[in-house]
Amino acid sequence: MLSLAELQTQHAKYEGDIIIKFSEVEREERIVKKSTALIVELGELANEKEEFFKFFKINHRNDKEKQLKEAADCLAYYLGLSNELGMDLNEPNMELIENCSKEPNKHFKDATREITYIDYGQGQQYRRICILKSFGHYLKLLLSLKIDFEDVKKTYLEFVLGDNIRRQKENY
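The sections below set out a description of the structure shown in this document. (Residues numbered from 1 in each chain as written. Predicted model: local features only at pLDDT ≥ 70, side-chain atom pairs only at ≥ 80, totals over all residues. Heavy atoms only, no water.)

## A closer look at the environment of Arg-113
Next, step 1: In this fold, Arg-113 is placed in helix α5 (residues 104-117).
Next, step 2: Sequence spacing of Arg-113 and His-137 is 24 residues, and the spatial spacing of their C-alpha atoms is 10.0 Å.
Next, step 3: For Arg-113, the side chain forms a polar contact with the side chain of Asp-110, separated by 2.8 Å. (Helix = DSSP H or I, 4+ residues; strand = E, 2+ residues; numbered from the N terminus. Polar contact = N/O pair within 3.5 Å; in protein donor to acceptor, adjacent residues only side chain to side chain.)

## Observations concerning unusual backbone geometry
Next, step 1: Positive phi outside glycine occurs at Lys-146, with the angle close to 60°.
Next, step 2: Within the secondary structure layout, Lys-146 lies in the loop between α6 (124-144) and α7 (149-169).

## A look at the side chain of Ser-134
Next, step 1: Positionally, Ser-134 belongs in helix α6.
Next, step 2: Judged by its relative accessible area of 0%, Ser-134 is buried.
Next, step 3: At 2.8 Å, the side chain of Ser-134 forms a polar contact with the backbone oxygen of Ala-111. (Buried < 20%, exposed > 50% of the residue type's maximum accessible area, 1.4 Å probe, protein only.)

## Focus: the packing of α5 against α6
Next, step 1: Two elements in contact, α5 and α6, have axes separated by 8 Å at closest approach and are oriented at 160°. In terms of orientation, α5 lies roughly antiparallel with respect to α6. At the point where α5 passes α6, the crossing takes the left-handed sense. Packed against α5, whose contacting residues are Pro-104, His-107, Phe-108, Asp-110, Ala-111, Glu-114, Ile-115 and Tyr-117, the element α6 presents Tyr-126, Cys-130, Ile-131, Lys-133, Ser-134, His-137, Tyr-138, Lys-140, Leu-141 and Ser-144 at the interface.
Next, step 2: Considering only residue class, the contact of α5 with α6 consists of 10 nonpolar, four polar and four charged. (Axes fitted to C-alpha atoms, helices over the stretch in contact; angles between N-to-C directions. Parallel < 35°, antiparallel > 145°, perpendicular 65-115°, else oblique. Left-handed = near helix turned anticlockwise from the far one by under 90°. Contact = heavy atoms within 4.5 Å. Nonpolar A, V, L, I, M, F, W, Y, C, P; charged D, E, K, R; others polar.)

## Here we look at α6
Every α-helix carries 3.6 residues per turn, so stepping three or four residues along brings you back to the same face.
Next, step 1: Look at α6: 30 Å from first C-alpha to last across 21 residues, which is about the 30 Å you get at 1.5 Å a residue.
Next, step 2: Arg-127, Cys-130, Ile-131, Ser-134, Phe-135, Gly-136, His-137, Tyr-138, Leu-139, Leu-141, Leu-142 and Ser-144 are the residues of α6 that are buried.
Next, step 3: A positive backbone phi angle near 60° is found at Lys-146, which sits one or two residues after α6. (Expected span 1.5 Å × (residues − 1).)

## Looking at the pattern of salt bridges
Any two side chains of opposite charge can pair, given that their charged atoms come close.
Next, step 1: Counted under the stated rule, the structure contains 11 salt bridges.
Next, step 2: The salt bridge partner of Glu-15 is Lys-34, with a shortest N-O separation of 2.8 Å. Of this pair, Glu-15 sits in helix α1 (residues 4-21) while Lys-34 sits in helix α2 (residues 27-48), and the two are 19 residues apart along the sequence. Take Glu-15 and Lys-34: they sit in the same class, and that class is buried.
Next, step 3: One salt bridge connects Arg-30 with Glu-84, and the closest N-O pair in it is separated by 2.7 Å. Within this pair, whereas Arg-30 is found in helix α2, its partner Glu-84 is found in helix α3 (residues 64-84), the two being separated by 54 residues in sequence.
Next, step 4: Arg-30 sits in the buried class, given a relative accessible area of 17%. (Salt bridge = Lys/Arg side-chain N within 4 Å of Asp/Glu carboxyl O.)

Written as structure tokens, this is what we have:
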């Protein structure tokens, strides 16, 4: 499986074509829009695990493929934001992450909170720290939802990157 650095490079090539196509969108605006989209995608991931917050539902759906696609959409925005900020997402130390709380609500809230801080403009380094913290909480969220990160990376390559390249060619 590709490393995060390799995925980031592939994502940069993909986004480079989009940025050329939509060159009127300034970098700062792209960062704000990507951070908002990431929050939405994190919510969609949570929504795919009904027992995550819909305790009142009796018949829980558990569509693993949809969960992986939503998790891969989140990964795409983390890669995009990292590229916009000129930073590398490092391979996670899964041993540290595995020793975390198994409470998905906490990790969801922590991941979204850190992303919202990006918009407060405390400088480039502050934004990079927010991305890294949020990404760590995202990985903890995946673990607490029993979603394997290697499966997310594979889904990103197959569906997110593959489908989005096709859609861009079709003027989606």
